Amino acid sequence: MQAITDKNGVKRYLITLNVNEDSYTRVVKANTTLANVLRDELDLTGTKKGCELGDCGSCTVLLDGKPVNSCLVLAVEADGCNITTIEGLAQHEKLDKLQESFINNAAVQCGYCTPGMIMSAKALLTRNPHPSEQEVREAIAGNLCRCTGYVNIVKAVLAAAD
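These numbers come from a predicted model, not from an experiment.

(A) Examining the overall build of the protein more closely. Regarding its fold elements, the protein presents 5 helices and 6 strands. Listing each helix as α and each strand as β along the protein from the N terminus yields β-β-β-α-β-β-β-α-α-α-α. Whereas a compact globule of 162 residues would reach a radius of gyration of roughly 15 Å, the protein reaches 17 Å, a difference of no more than 12%. Taken across its 162 residues, the protein has 43% of its residues classed as buried. A separation threshold of at least 6 residues defines the contact pool for the protein, and within that pool the share at least 24 residues apart is 52%. Accessible surface for the protein amounts to roughly 8700 Å². Of this, 48% is attributable to carbon and sulfur atoms. Within the protein, the 19 negative side-chain charges are centred at a point lying 4 Å from the centre of the 16 positive side-chain charges.

As structure tokens, then:
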């Protein structure tokens, strides 16, 4: 990773992020979070910022296929990694099966937690296409929803399972 020092002595880093199968090169400060780059630099606002402490899961994205809280990942740590955001699940303007299932099973209320919830569930279904209800609940345990009792969310994930 290339470091650039400005006239004030502040180091910035040249990074490349592979987001939703597109490559982006940006210059960032060492303390810039992945969530901020996604939202502010790449205009991928489906990744929500909630607590910014890693507690709520609203900023969950897939980093090399694994769900992470993008508010806790520094952009420099994601240099060269493959990142999938909620915007990257739909293909050719067709929603992913999991996104459709959330709609069809009334698993979306206010919608703030939904992108992170779907990303955590997508990671689960990728590694385990036939999860039990308990496995779904464990996979989304890091994603908080204040609107529901999680019943329809779990139902939607199970319905999307092959």
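On we go from here.
(B) Seen up close, helix α2 (residues 97-104). Inspection of α2 places L98, Q99, S101 and F102 among the buried residues, and these make up the whole buried set. Buried residues in α2, looked at end-on, bunch into an arc of 160°, giving them a common side. The exposed set on the far side of α2, more than 90 degrees from its buried face, consists of I103 and N104. Tucked into the core, α2 has its buried residues touching α3 (114-127) and α5 (151-160). Between the side-chain oxygen at the start of α2 and the backbone nitrogen of L98 there is a gap of 2.9 Å, and the oxygen is on D96. With its phi angle positive at about 50°, A106 sits one or two positions after the end of α2.

(C) Molecular detail of the pattern of salt bridges. Applying the stated rule across the entire model yields 5 salt bridges. Here E41 and R26 are joined by a salt bridge, their closest N and O atoms 3.6 Å apart. With E41 in helix α1 (residues 34-41) and R26 in strand β3 (residues 22-29), the pair connects residues that are 15 residues apart, well separated along the chain. The partly exposed category is assigned to E41, whose relative accessible area is 44%. With its nearest N and O atoms 3.8 Å apart, the salt bridge here joins E52 to K49. What makes E52 partly exposed here is its relative accessible area of 44%.

(D) Representation of α3 in the model. When the terminal C-alpha atoms of α3 are compared, their 20 Å separation across 14 residues agrees well with the 20 Å that a helix rising 1.5 Å per residue should span. Among all positions in α3, only T114, P115, G116, M117, I118, M119, S120, A121, A123, L124 and L125 are buried. Contacts made by the buried residues of α3 are with β4 (60-63), β5 (66-69), β6 (82-84), α2, α4 (133-139) and α5.

How each quantity is defined
Residues numbered from 1 in each chain as written. Predicted model: local features only at pLDDT ≥ 70, side-chain atom pairs only at ≥ 80, totals over all residues. Heavy atoms only, no water. Helix = DSSP H or I, 4+ residues; strand = E, 2+ residues; numbered from the N terminus. Rg over C-alpha atoms; globule rule 2.2 N^0.38 Å. Buried < 20%, exposed > 50% of the residue type's maximum accessible area, 1.4 Å probe, protein only. Contact = heavy atoms within 4.5 Å. Areas by Shrake-Rupley, 256 points an atom, 1.4 Å probe, with all protein chains shown as cover. Lys, Arg positive; Asp, Glu negative; His and termini not counted. Charge placed at Lys NZ, Arg CZ, Asp CG, Glu CD. Arc of directions from axis to C-beta. Polar contact = N/O pair within 3.5 Å; in protein donor to acceptor, adjacent residues only side chain to side chain. Salt bridge = Lys/Arg side-chain N within 4 Å of Asp/Glu carboxyl O. Expected span 1.5 Å × (residues − 1).

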